[in-house]
Amino acid sequence: MKKHDKSLFQIGEVTKVMGITRKTLLVFEEMGLLTPAVKDAHSGYRYYSADNMTQIRSIRSLQSLGLTLKEAAEYYYNVDN
């Protein structure tokens, strides 16, 4: 397998640094809140960038303010507001 850019992080590294679970990351992705910087087509491995980690921090901040994940998604992607 080809080694990805050193500026990208594997899912385990991200969960450790961000203090969240793998399942949480996958839920964020499933809900459309987060898209990995790279998803290896062959292995299915996900790689995340520093920008992705900023997104995770923002999502977690919105949650700490009492927003649900659905409301957070609406906050980010509602083009009417």
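One numbering rule holds for all chains: residues counted from 1, following each sequence as written. Local features in this predicted model are restricted to residues of pLDDT 70 or higher, and side-chain atom pairs are both shown and tallied only at a pLDDT of 80 or more, whereas totals for entire chains, interfaces and linings draw on every residue. No hydrogens and no water enter the side-chain calculation; it runs on all heavy atoms of the structure.

### Side note on the overall build of the chain
Move 1: A run of DSSP states H or I qualifies as a helix once it reaches four residues; a run of E qualifies as a strand once it reaches two. Both are numbered from the N-terminal end. The helix and strand tally for the chain stands at four helices and three strands.
Move 2: Principal axes of the C-alpha set define a box for the chain whose edges measure 40 × 25 × 20 Å.
Move 3: Counting contacts in the chain only where the partners sit at least 6 residues apart, residues at least 24 apart contribute 53% of the total.
Move 4: Accessible surface computed for the chain: about 5,800 Å², of which carbon and sulfur atoms make up 52%.
Move 5: Each charge class in the chain can be summarised by its mean position, and for the 11 positive and 9 negative side chains these summaries are 9 Å apart. By the convention used here, residues are in contact when the closest approach between their heavy atoms is within 4.5 Å. Reported accessibility uses the Shrake-Rupley method at a 1.4 Å probe radius. Residues are deemed covered only where the shown protein chains occlude them. Asp and Glu count as negative and Lys and Arg as positive, but His and the ends of the chain are not part of the count. Note on charges: their place is set at NZ of Lys, CZ of Arg, CG of Asp or CD of Glu.

### Some words on the nonpolar core
Move 1: The biggest cluster of nonpolar side chains holds 16 residues, and the ones touching the most others in it are V14, L25, F28, L33 and I56.
Move 2: If you list the elements that add at least two residues to this core, you get α1 (11-18), α2 (22-30), α3 (50-64) and α4 (69-77).
Move 3: With four residues, α3 is the single largest residue contributor to this core. Nine residue types can take part in a nonpolar core, namely buried Ala, Val, Leu, Ile, Met, Phe, Trp, Tyr and Cys, and a core is a set of them joined through side-chain atoms within 4.5 Å. Burial classification: accessible surface area is computed with a 1.4 Å probe over protein chains only, and a residue below 20% of its type maximum counts as buried, one above 50% as exposed, and the rest as partly exposed.

### Details of the packing of α1 against α2
Move 1: Axis definition: a line fit to C-alpha positions, over the contact stretch in the case of helices; interaxial angles, taken between N-to-C directions, run 0 to 180 degrees. Where α1 meets α2, the closest approach of the two axes is 9 Å, and the angle between their N-to-C directions is 105°. When the interaxial angle is binned, α1 and α2 end up roughly perpendicular. Of α2, the residues touching α1 (which contributes I11, V14 and T15) are R22, L25 and L26.
Move 2: Throughout this entry, Asp, Glu, Lys and Arg are counted as charged residues, while Ala, Val, Leu, Ile, Met, Phe, Trp, Tyr, Cys and Pro are counted as nonpolar. The remaining residues, Gly among them, count as polar. Taken together, the residues that form the contact of α1 with α2 break down as four nonpolar, one polar and one charged. An angle below 35 degrees is treated as roughly parallel, one above 145 as roughly antiparallel, one from 65 to 115 as roughly perpendicular, and anything else as oblique.

### A short note on a nonpolar patch on the surface
Move 1: Taken together, Y75, Y76 and Y77 make up a surface patch of nonpolar side chains, about 360 Å² in accessible area.
Move 2: Tracing the backbone shows Y76 in helix α4. Residues qualify for a patch when their relative accessible area is over 30% and they have no salt bridge, like charges being joined within 9 Å and the nonpolar side chains of Val, Leu, Ile, Met, Phe, Trp and Tyr within 5 Å. Salt bridges are identified by distance alone: a Lys or Arg side-chain nitrogen within 4 Å of an Asp or Glu carboxyl oxygen.

### Structural notes on the side chain of N52
Move 1: When you line up the elements, N52 lands in helix α3.
Move 2: We classify N52 as buried; its relative accessible area is 4%.
Move 3: A distance of 2.9 Å separates a polar atom in the side chain of N52 from the backbone nitrogen of S49.
Move 4: When near neighbours in sequence (up to four residues on either side) are disregarded, N52 contacts L34, T35, P36, A37 and Y47. Whenever two N or O atoms come within 3.5 Å, that pair is a polar contact, provided that in protein one can donate a hydrogen and the other can accept it, and provided that, for residues adjacent in sequence, both atoms are side-chain atoms.

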